[in-house]
Amino acid sequence: MIAPTALFAVDTLLTDEEREIRKTVRKVCDREIRPHITGWFESGELPARELARALGEVGVLGMHLEGYGCAGLGAVAYGMACLELEAADSGLRSLVSVQGSLAMYAIWEYGSEEQKQQWLPAMAAGERIGCFGLTEPDFGSDPAGMRTTAKREGGDWVLNGTKMWITNGSVADVAVVWARTDEGIRGFLVPAGTPGLTANDVKHKVSLRASVTSELVLDGVRLPEEAMLPGARGLSGPLGCLNEARFGIVFGAMGAALDCLETAIAYAGDREVFAKPLSAYQLTQEKLADMALELGKGLLLAVHLGRLKEAGTLTPEQVSAGKLNNVREALEIARTCRTLLGASGITLEYPVIRHAVNLESVLTYEGTSEIHTLVLGKALTGIPAFH
Ligand code: TGC
Ligand code: FAD
């Protein structure tokens, strides 16, 4: 028997350092996440602050950024960390994506020196948590339509509007908020506790339950001039951050798929049906072989995109291709694994149904599968079909 990832020898494409980082993150997940994840998922509560500190201690938060307490590691190393985190739960990878690739990246790429000094070292250590407010109740796929405004009043900015579905929203120490100004869309750092800012958690989620998701209401939030991110102007600012987080999902989704496939292979070996192990039937083997193929192809694609990113040539369209393919295939793998577990597949005793329902969120956030399809359609035809 070989492990599903051994089929394409993906490990041979990694450096010793990348393999070590993967192992370290796996150990943290085994210690801090796996023993508790079912309970967190069931209760819909996550000890985000404690987890952020634990993840900060091993250097995962903003690990692909240089300086300001960040490790400055390569894209593939970051990707493998996302893979291990999402093998534990998509909600944990989300916490890390939003912290490192959205909130920290926005400050790192577009912030002033003072903003970077103030927030990045504490965020890398997990002592401060960030969130990223782009989506609004009426504008998800089409953020260009956003209604949140920032208006100059004297030397200050005053923000009004509502952001929706914001990961880490109510636990964040700082919210990166994107708003419409007279000079186009600009980003603002809104510290928690600023008068006029309130966060209300989304309840009754069936997916991504081990993750904090909130509405942010900005009602006359007054900020000093220095709260604006000076380096971002227009929609390319937030979209530039999304490329970073989408890249992590290309790897992360394969982590969730791998955990499902390993669970299903073990289950099919143990489970006897009609007096033989489930794994001895051709129908089962076809399912397993097809899933191992898609998993292997997805991992090869992820590592390839990672190497392009390290070389500085990765394009947003290639990130869209990776996100679209790997999340779609991961969801298909999770659903197929669920069938192999029969009735046991619908309980939280096994991780498969949890991954499957989580991946429904992953399919939607960071650009829906339809939006990434249209990005590729535009690249192939030259015609934007979004509107
Ligand atoms: P369009 O006219 O095409 O572009 C406007 C400006 O943006 C530039 N641009 C990009 N820049 C960097 N990276 C990209 N991927 C970019 N795509 C476009 C573009 O060059 C232009 O720049 P400029 O200087 O000429 O102004 O924009 P559009 O309004 O037609 O929209 C394009 C579309 C639909 C692809 C875009 O709006 C989009 O990607 N929509 C999806 C929104 C989305 O993904 N939201 C995610 C919110 S965050 C989240 O979900 C976090 S989940 C938690 C977790 O990660 O775990
Ligand atoms: P809509 O844009 O209303 O889309 C509804 C449907 O219409 C989708 O199937 C979509 O693909 C389709 N559609 C849209 N436009 C077109 C078109 N032109 N052609 C064909 N079909 C189209 N956002 C943040 O800013 N920060 C966060 O931290 C964050 N975290 C999230 C966490 C979770 C758990 C979830 C579920 C979402 C999160 N989001 C976050 C929001 C997420 O990015 C949006 O949900 C996503 O962009 C889609 O927007 P929407 O839900 O408004 O769907």
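Bear in mind the structure is a predicted one, so any value in this text is a computation, not a measurement. (Residues numbered from 1 in each chain as written. Chains lettered and ligands numbered in written order. Predicted model: local features only at pLDDT ≥ 70, side-chain atom pairs only at ≥ 80, totals over all residues.)

Novice: Describe in detail the overall build of the protein chain, supporting the description with residues and values.
Specialist: The secondary structure content of the protein chain amounts to eleven helices and eleven strands. For a compact globule of 387 residues, the expected C-alpha radius of gyration is about 21 Å, and the protein chain comes in at 21 Å, within 12% of that figure. Out of the 387 residues belonging to the protein chain, those deemed buried represent 50%. By sequence separation, contacts in the protein chain at least 24 residues apart represent 77% of the contacts at least 6 residues apart. (Helix = DSSP H or I, 4+ residues; strand = E, 2+ residues; numbered from the N terminus. Rg over C-alpha atoms; globule rule 2.2 N^0.38 Å. Buried ≥ 20, exposed ≤ 12 C-beta atoms within 10 Å, placed from the backbone. Contact = placed C-beta atoms within 7 Å.)

Novice: Requested: an account of the nonpolar core, with residues and values cited.
Specialist: Counting residues in each nonpolar core, the largest one holds 122 residues, and the members touching the most others are Ala103, Phe188, Ala257, Leu261 and Ala334. For this core, the leading source of residues is helix 7 (residues 236-270), giving 17 residues. Residues contacting Ala103, with those up to four places away along its chain left out, are Val98, Met123, Gly130, Cys131, Phe132, Val174 and Val176. (Core = buried A, V, L, I, M, F, W, Y, C linked by C-beta atoms within 7 Å.)

Novice: Pulling in residues and values, what's your account of the environment of Gly91?
Specialist: Residue position: Gly91 is located in helix 5 (residues 90-110). For Gly91, a count of 28 C-beta atoms within 10 Å translates into the label buried. Along the primary structure Gly91 and Leu51 are separated by 40 residues, whereas in three dimensions their C-alpha atoms are 12 Å apart.

Novice: Any chance you could break down the site of ligand 2 for me, citing the residues and the numbers?
Specialist: The immediate surroundings of ligand 2 are formed by 19 residues, with Thr135, Gly140, Ser141, Thr368 and Glu370 found nearest. Those elements that place two or more of their residues in the shell around ligand 2 are strand 3 (130-133), strand 5 (156-167), helix 10 (352-364) and helix 11 (369-381). In terms of residue count, the dominant contributor to the shell around ligand 2 is strand 5 (three residues). For the shell around ligand 2, the per-class residue count stands at nine nonpolar, nine polar and one charged. The residue makeup of the shell around ligand 2 includes at least three contributed by each of domain 2 (130-227) and domain 3 (236-381). (Near = placed C-beta within 6 Å. Nonpolar A, V, L, I, M, F, W, Y, C, P; charged D, E, K, R; others polar. Domains from an automatic or database assignment.)

Novice: A description of the site of ligand 1 should follow, citing residues and the corresponding values.
Specialist: Taken together, 26 residues form the shell around ligand 1, and within it Ser94, Ala144, Pro316, Tyr365 and Gly367 come nearest. Secondary structure elements with two or more residues in the shell around ligand 1: helix 5, helix 7 and helix 11. It is helix 7 that provides the largest number of residues to the shell around ligand 1, a total of six residues.

Novice: A description of the domain arrangement of the protein chain should follow, citing residues and the corresponding values.
Specialist: Splitting the protein chain by domain gives domain 1 (4-124), domain 2 (130-227) and domain 3 (236-381). Placing a centre on the C-alpha atoms of domain 2 and another on those of domain 3 gives a separation of 30 Å. The partner domain 3 presents nine residues to the ten residues of domain 2 that form the contact. When grouped by side-chain class, the residues that make up the side of domain 2 that touches domain 3 number seven nonpolar, three polar and no charged.

Novice: I'd love a proper account of helix 10, names of residues and values included.
Specialist: For an α-helix the count is 3.6 residues per turn, leaving residues at separations of three or four pointing the same way. Here helix 10 is 13 residues long and its end C-alpha atoms lie 19 Å apart, about the 18 Å a rise of 1.5 Å per residue gives. Taking burial as the measure, the 13 residues of helix 10 include ten buried ones, the bulk of the element. Along helix 10, the residues classified as buried are Val352, Ile353, Arg354, His355, Ala356, Asn358, Leu359, Ser361, Val362 and Leu363. In this fold, the buried residues of helix 10 make contact with helix 2 (37-43), helix 5, helix 7, helix 9 (316-340) and helix 11. Note on helix 10: the residue one or two positions beyond its end, Glu366, has a positive phi of about 60°. (Expected span 1.5 Å × (residues − 1).)

Novice: An account of helix 5 is needed here, citing residue identities and associated values.
Specialist: Along helix 5, the sharpest change in direction is near 40° and occurs at Met104. With 20 of its 21 residues buried, helix 5 lies for the most part within the structure. (Bend = angle between axes of the 7 residues up to and from the residue.)

Novice: Account for the UniProt feature "domain: Acyl-CoA oxidase/dehydrogenase middle" (unreviewed entry) in the protein chain, with residues named and values stated.
Specialist: Within this structure's numbering, the places UniProt gives as "domain: Acyl-CoA oxidase/dehydrogenase middle" (unreviewed entry) are residues 131-221. End-to-end, the C-alpha atoms of residues 131-221 are 17 Å apart, and along that stretch the chain is 0% helix and 55% strand. (UniProt positions renumbered as here; feature names shortened; annotations may be inferred.)

Novice: Please give an account of unusual backbone geometry that cites residues and values.
Specialist: If you check the backbone angles, Ala9 has positive phi at about 50° while not being a glycine. Assignment of secondary structure puts Ala9 in the segment before helix 1 (16-33). Note on Ala9: 11 C-beta atoms within 10 Å, which makes it exposed. Residues other than glycine seldom take positive phi values, yet Tyr68 does so here, at roughly 55°. Structurally, the position occupied by Tyr68 is in the loop between strand 1 (66-67) and strand 2 (70-71).

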